[in-house]
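# Structural features, examined
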Amino acid sequence: MEKQEVYSDKRLLCIECGNEFIISAREQEYFHNLGYVLPKRCRTCRNKRRQEQQEKIAEAEAAKKWKKDEAELQELFKTFPFSQKKLQDVKMMTPEKSLMILGNGFDLMHGVPSLYWNFQSTLGKRNELRENLERYLKCEDLWSNLEESLAKIDMGMMLNMVDMWLDMNNAYHPEASAADFQMSIDTAMLPIEIIINQLPKRFRQWVNSLKIDVNKKPLKDLISADAKYLNFNYTEFLETVYGVPNRNVNYIHGCRKNKKDAIILGHKPNVDYLDGYTPDKAFVPKYKSKRKALLLQSAMELAIDQWVTAYDEMTTKHTPEIIEENKEYWESMVDVEDIFVIGHSLADVDYPYFEEIIKYNKEKAIWHIGYHSLDDMKRLKEFVHNMGIQIKRVEVFRT
């Protein structure tokens, strides 16, 4: 009979940092059973090394994707109808008759960590807001485009919980109170409450924390204090870095320096969050009791009326109202001869603003549109087509 080895805790010195660390008897047995030698590094150094290896793999994959995208982009250019220029050759010849439209790429060009991924990292892994966003938003690329992702919330998953909470709180009982009934609904819809209450506050805190190197001016030869600016960013770096007067900048979705301004974050209007989900068909047949069926149906309808409506109000860009509030601004587009677009994703959620510009400009202006990647160029091509802009009036450049 083979003698079973007895393990005891061991003290070792980490070959990386030199600090002493302990390998427990249980860990030794675990490594032995797997046929592994004992670690030579402490847990902190092992985790650091693992993270560095993961980062190297991610960088290699990103480089591989970039190379593939570049090859596809070059092939795309062979059939491209647009006139092309280098960034350094793009000039604002008549600033007082020029409009520059800025998106998040402008901040990124200046070294500002303003991606939604950067916002995610400030929340921490065990943050309840992050946990609920990642659990209930039905998309794989949540942190690539948070605004579009907010439209894909899984309301059905939460509504499915209403029945359970009504039962757990004895709200189906004939002597149950209205408070028990309402509490069951609120508990089931708690993820929505967390998102509604915490997302605007945490997002603004993050926006307020963004900083810039005022000495970094990659667009110093293009930006003029005399031009008009439509700024989709929440930061005032256009003013602090380039000295553009505030009166020339329209912060269409709010500016962080104006404490009274709402920071507008959201998806396009008229989203069907239920996506064909019908509570009466899903639940009512479950109960033979007409009373229970009626209570459940009422609870579902109330949950939708109270919480889905509140969620829609908080996460929707109320574009028609924003456009109406800026009517004089759109009317001023009639004199614009050159439109420069830098760092804007050209996502369809912002199409209505571009449509207003085109409506009043009446195809007078030349469009100078910047792109950075293959995906940018694909969206650019689609944007020009969807907006009905004449090809001869478009010039592209890489940022």
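Please refer to the structure higher up on the page.
This section reports on the structure supplied with the text. (Residues numbered from 1 in each chain as written. Predicted model: local features only at pLDDT ≥ 70, side-chain atom pairs only at ≥ 80, totals over all residues. Heavy atoms only, no water.)

## Structural notes on the sheet that holds strand β9 (residues 394-398)
Across the sheet, which stays open at both edges, the 7 strands sit in the order β3-β9-β8-β7-β4-β5-β6 with parallel pairing between neighbours. Each end of this open sheet is capped by a strand with a single partner; those strands are β3 (83-86) and β6 (249-251). Between one strand axis and the next, the sheet turns by 20 degrees as a mean value, whatever way the strands run. Pairing analysis gives 4 bridges linking β3 to β9, with the strands arranged parallel. Residue pairing for β9: Lys85 is matched across the bridge by Phe397. Each of β8 (366-371) and β9 touches helix α16 (residues 374-387); the most contacted strand, β8, lies at about 155 degrees to it. (Pairing = 2+ DSSP bridges. Helix = DSSP H or I, 4+ residues; strand = E, 2+ residues; numbered from the N terminus. Axes fitted to C-alpha atoms, helices over the stretch in contact; angles between N-to-C directions. Contact = heavy atoms within 4.5 Å.)

## Concerning the packing of helix α7 (residues 155-168) against helix α12 (residues 290-315)
Packing of α7 against α12 brings their axes to within 10 Å, and their N-to-C directions diverge by 140 degrees. Comparing their axes, α12 and α7 come out oblique. By crossing handedness, the relation of α7 to α12 is classed as right-handed. Between α7 and α12, the contacting residues are Met155, Leu159, Val162, Asp163 and Leu166 on the first element and Leu296, Ala299, Met300, Ala303, Ile304, Val308 and Tyr311 on the second. A per-class count over the contact of α7 with α12 returns 11 nonpolar, no polar and 1 charged. (Parallel < 35°, antiparallel > 145°, perpendicular 65-115°, else oblique. Left-handed = near helix turned anticlockwise from the far one by under 90°. Nonpolar A, V, L, I, M, F, W, Y, C, P; charged D, E, K, R; others polar.)

## Brief notes about the side chain of Ser98
Position of Ser98 among the secondary structure elements: in strand β4 (residues 98-102). Of the residues examined, Ser98 reaches a relative accessible area of 1% and is grouped as buried. Side-chain polar atoms of Ser98 contact the backbone oxygen of Thr94, separated by 2.8 Å. Once residues within four sequence positions are removed from consideration, Ser98 is found in contact with Met92, Ala227, Lys228, Val336, Asp338 and Phe340. (Buried < 20%, exposed > 50% of the residue type's maximum accessible area, 1.4 Å probe, protein only. Polar contact = N/O pair within 3.5 Å; in protein donor to acceptor, adjacent residues only side chain to side chain.)

## Side note on the pattern of salt bridges
Tallied over the entire structure, the rule returns 17 salt bridges. Here Glu20 makes a salt bridge to Arg11, at a shortest N to O gap of 2.9 Å. Across the salt bridge formed by Glu27 and Arg43, the nearest N and O atoms sit 2.8 Å from each other. One end of the pair, Glu27, is in helix α1 (residues 25-34); the other, Arg43, is in helix α2 (residues 43-78), with 16 residues separating them in the sequence. Note on Glu27: relative accessible area 22%, which makes it partly exposed. A relative accessible area of 49% places Arg43 in the partly exposed class. Through salt bridges with shared partners, a single network forms among Glu147, Lys317 and Asp350. (Salt bridge = Lys/Arg side-chain N within 4 Å of Asp/Glu carboxyl O.)

## Structural notes on the packing of aromatic side chains
According to the stated counting rule, one finds 17 aromatic pairs in the structure shown. The interplanar angle of 80 degrees and the centroid separation of 5.3 Å between the aromatic rings of Phe119 and Phe203 together place this pair among those described as edge-to-face. Of the two residues, Phe119 sits in helix α4 (residues 116-123) while Phe203 sits in helix α9 (residues 190-209), which places them 84 residues apart along the sequence. The residues Phe119 and Phe203 share a single accessibility class, namely buried. On the basis of an interplanar angle of 65 degrees and a centroid distance of 5.9 Å, the ring pair of Tyr351 and Phe383 is categorised as edge-to-face. On the criterion of sequence distance, the pair formed by Tyr351 in helix α15 (residues 351-361) and Phe383 in helix α16 is long-range, its members being 32 residues apart. Taken together, the aromatic side chains of Phe232, Tyr329, Trp330, Tyr351, Tyr353, Phe354, Trp367 and Phe383 make up a single cluster linked through ring pairs. (Phe/Tyr/Trp six-rings, centres within 6.5 Å; stacked < 30°, edge-to-face > 60°.)

## Brief notes about the environment of Lys67
Here Lys67 shows up in helix α2. Taking relative accessible area as the criterion, Lys67 reaches 68% and is therefore assigned exposed. For Lys67 and Leu374, which are 307 residues apart along the polypeptide, the C-alpha to C-alpha distance reads 11 Å.

## As for α16
Along its 14 residues, α16 runs 20 Å from first to last C-alpha, staying within 8% of the 20 Å computed at 1.5 Å per residue. Residues of α16 that are buried sit in contact with α2, α15, β8 and β9. (Expected span 1.5 Å × (residues − 1).)

Function cannot be read off these values alone, since they describe shape.
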